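An overview of the molecular structure
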Amino acid sequence: FVFKYFPKLNIYSLINTSVDDLLYIAILTNIVVGIIEELGKNTIVRITDKRHPEYIQTLNHALKLSVCAGLGFAFAENIFYFYSVWVNPYYSVKDLIATFVFRSMVTLCGHMIFSGVFGYYFGIGKFASDMTEMAQWQGHLMAIEKFFAKLTGKLPFQIRRGLYNIKGLLIAMGLHASFNASLDMNHKILAISIVFMGGAYIWYLMSTSSGHLLFSLVKRRATSMAPRDESVVLEFLGMWKNQGKLTEVIDICDRLLQRDPDNNVVKLFKAKAQDDQKLKNVYTSLKQVFTKDSSGNTVIIGAIPTSIATSKNGSEVKSVATSLQLGDEKIVIEVMDMMYKNGKYKQVLEVANRLLERNPQSTGAKVLLEKALDQQKMQNLFDSLGKLFAA
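Residues numbered from 1 in each chain as written. Predicted model: local features only at pLDDT ≥ 70, side-chain atom pairs only at ≥ 80, totals over all residues. Heavy atoms only, no water.

As a further point, take the overall build of the protein. Looking only at helices and strands, one finds 16 helices and four strands in the protein. Counting only residues that meet the buried cut, the protein has 37% of its 391 residues in that class. Contacts in the protein between residues at least 24 apart in sequence constitute 64% of all its contacts with a sequence separation of at least 6. With an accessible surface of roughly 23600 Å², the protein has 63% of that area assigned to carbon and sulfur atoms. (Helix = DSSP H or I, 4+ residues; strand = E, 2+ residues; numbered from the N terminus. Buried < 20%, exposed > 50% of the residue type's maximum accessible area, 1.4 Å probe, protein only. Contact = heavy atoms within 4.5 Å. Areas by Shrake-Rupley, 256 points an atom, 1.4 Å probe, with all protein chains shown as cover.)

Before going further, it helps to examine the packing of helix 4 (residues 59–87) against helix 9 (residues 188–207). Orientation of helix 4 relative to helix 9, taken along the N-to-C sense of each, is 145 degrees, at an axis distance of 9 Å. By crossing handedness, the relation of helix 4 to helix 9 is classed as left-handed. Contact residues: Asn 60, Leu 63 and Lys 64 in helix 4; Ile 202, Leu 205 and Met 206 in helix 9. By residue class, the composition of the contact of helix 4 with helix 9 is four nonpolar, one polar and one charged. (Axes fitted to C-alpha atoms, helices over the stretch in contact; angles between N-to-C directions. Left-handed = near helix turned anticlockwise from the far one by under 90°. Nonpolar A, V, L, I, M, F, W, Y, C, P; charged D, E, K, R; others polar.)

This part covers the side chain of Lys 241. In this fold, Lys 241 is placed in helix 11 (residues 227–243). Not counting residues up to four positions away in its chain, the partners in contact with Lys 241 are Met 134, Gln 138, Leu 246, Val 249, Phe 269, Lys 272, Ala 273 and Asp 276.

Within the structure shown, the criterion is met by nine aromatic pairs. The interplanar angle of 45 degrees and the centroid separation of 5.2 Å between the aromatic rings of Phe 82 and Phe 100 together place this pair among those described as tilted. Residue Phe 82 is found in helix 4, and its partner Phe 100 is found in helix 5 (residues 93–126); the two are separated by 18 residues along the sequence. For Phe 82, a relative accessible area of 18% gives the class buried. Since its relative accessible area comes to 46%, Phe 100 is described here as partly exposed. The lysine or arginine in question, Arg 103, covers the ring of Tyr 81, its NZ or CZ lying 3.7 Å from the ring centre. Above the plane of the ring of Phe 102 lies Lys 188, whose end atom (NZ or CZ) is 5.5 Å from the centre. (Phe/Tyr/Trp six-rings, centres within 6.5 Å; stacked < 30°, edge-to-face > 60°. Lys NZ or Arg CZ within 6 Å of the ring centre and 35° of its normal.)

All right, on to helix 9 then. Between its terminal C-alpha atoms helix 9 stretches 29 Å, which fits the 28 Å expected from 20 residues at 1.5 Å a residue. Buried residues in helix 9 make contact with helix 4, helix 5, helix 8 (156–184) and helix 10 (209–212). (Expected span 1.5 Å × (residues − 1).)

With that out of the way, let us pick up unusual backbone geometry. In the Ramachandran plot, Asn 186 falls in the positive-phi region, its phi being about 65 degrees despite a non-glycine side chain. Note on placement: Asn 186 falls in the loop between helix 8 and helix 9. According to the relative accessible area criterion, Asn 186 is exposed, its value standing at 59%.

Judged by side-chain polarity, Leu 23, Tyr 24, Ile 27, Leu 28, Ile 31, Ile 35, Leu 39 and Met 185 come together as a nonpolar surface patch covering roughly 650 Å² of accessible area. One can find Leu 28 in helix 3 (residues 22–51). (Patch = residues over 30% accessible without salt bridge, like charges linked within 9 Å, V, L, I, M, F, W, Y side chains within 5 Å. Salt bridge = Lys/Arg side-chain N within 4 Å of Asp/Glu carboxyl O.)

Next up on the list: the environment of Leu 65. You can see Leu 65 is positioned in helix 4. Leu 65 sits 50 residues away from Ser 115 along the chain, and the two C-alpha atoms are 9.1 Å apart. Ignoring any residue separated from it by four or fewer positions in sequence, one finds Leu 65 in contact with Val 45, Thr 48 and Ile 56.

We now examine the side chain of Asn 165. Structurally, the position occupied by Asn 165 is in helix 8. When neighbours within four sequence positions are excluded, Asn 165 is seen to be in contact with Arg 46, Phe 118, Tyr 121 and Phe 122.

The next thing to look at is the packing of helix 4 against helix 5. For the pair helix 4 and helix 5, interaxial distance at closest approach is 7 Å and the crossing angle is 155 degrees. With respect to each other, helix 4 and helix 5 are oriented roughly antiparallel. Considering the relative orientation of helix 4 and helix 5, their crossing is right-handed. When grouped by side-chain class, the residues that make up the contact of helix 4 with helix 5 number 19 nonpolar, ten polar and three charged. (Parallel < 35°, antiparallel > 145°, perpendicular 65-115°, else oblique.)

Below, the structure is given as structure tokens:
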């Protein structure tokens with residue numbers, strides 16, 4: 001409609017008259033299509049949020065709203081595509097069915113996913129104030145935000161909000177342009193792969209604890225902590241988060257939320273730590289499935305002492321020898337577990353270290369050692385914080 005009444009704005013005509021190479025014409029055209037269509041969906045999300053800010057109170061709310069915008073856009077666009085095929089005398093019913101199936105499945109999902117990625121970053125931007133405060137407690141310098149804040153007179157979190165929105169929009173545009181270019185070059189498998197990878201990323205974002213975190217937009221309940229004490233604890237949380245002490249961060253957040261239940265920054269620290277803990281557990285599990293000994297043989301952790309197994313491909317798999325019988329080790333671990341449940345962490349540490357001297361690959365001893373260390377650290381920390389709050 002715009003190009004018809006304002007031909008000078010017709011960017012497609014400009015590309016066709018300015019570029020000779022057909023490949024570059026296709027690439028530039030797809031980039032323009034991705035930009036225009038994502039800007040259209042982006043506008044719908046912004047208008048909706050401006051009129052009804054209460055709709056988005058979590059990152060997932062922002063993602064879902066943006067997915068709905070993509071769904072609506074795809075529905076309207078498909079009508080035009082189906083109609084153009086229907087009235088074209090060179091296309092058959094078979095072509096119409098093929099277009100209907102592909103666009104109703106792949107293209108439709110593509111629009112929803114491209115918009116969903118932007119929606120997630122839009123949600124982060126909406127709650128940029130809390131995100132920025134968390135970043136500051138973690139010691140992030142935010143040089144870019146501060147630089148533009150001085151130039152524009154805005155606050156750093158407002159600059160950060162704009163940067164998140166731009167980032168999400170650029171990613172959505174890039175995915176959209178890549179998808180369109182793949183179809184134009186008849187690489188349908190590549191186009192479908194882009195949609196699947198985007199879908200996996202959306203699924204991951206939807207499953208994170210931070211994605212479900214409810215940000216308080218109403219008046220917060222009063223805290224029973226002094227601002228100075230709360231600042232000290234938040235500083236500790238930032239340090240532990242950077243050091244990967246995720247268990248400590250989660251436990252302290254639970255205690256802090258009992259004193260200040262509506263603190264979005266504390267909620268965010270806890271949610272991010274839970275997400276990082278999940279990823280860490282997955283990585284650790286994958287890493288410990290198989291390990292290598294000094295000779296390069298595959299070692300199965302916790303296997304029967306001095307035994308030799310055979311893998312599916314026929315190669316030998318050796319287990320680490322131990323000077324402690326398997327039955328005796330099991331009894332010791334059961335006793336250690338009882339001591340751990342009774343809060344005797346120092347005794348667990350001592351026994352676990354002795355057991356690991358006899359069998360360095362004892363999985364049970366390692367697990368209890370790590371748990372006891374964590375609990376001992378937490379106990380020392382709570383004692384220190386108790387003295388701080390009491391003062």
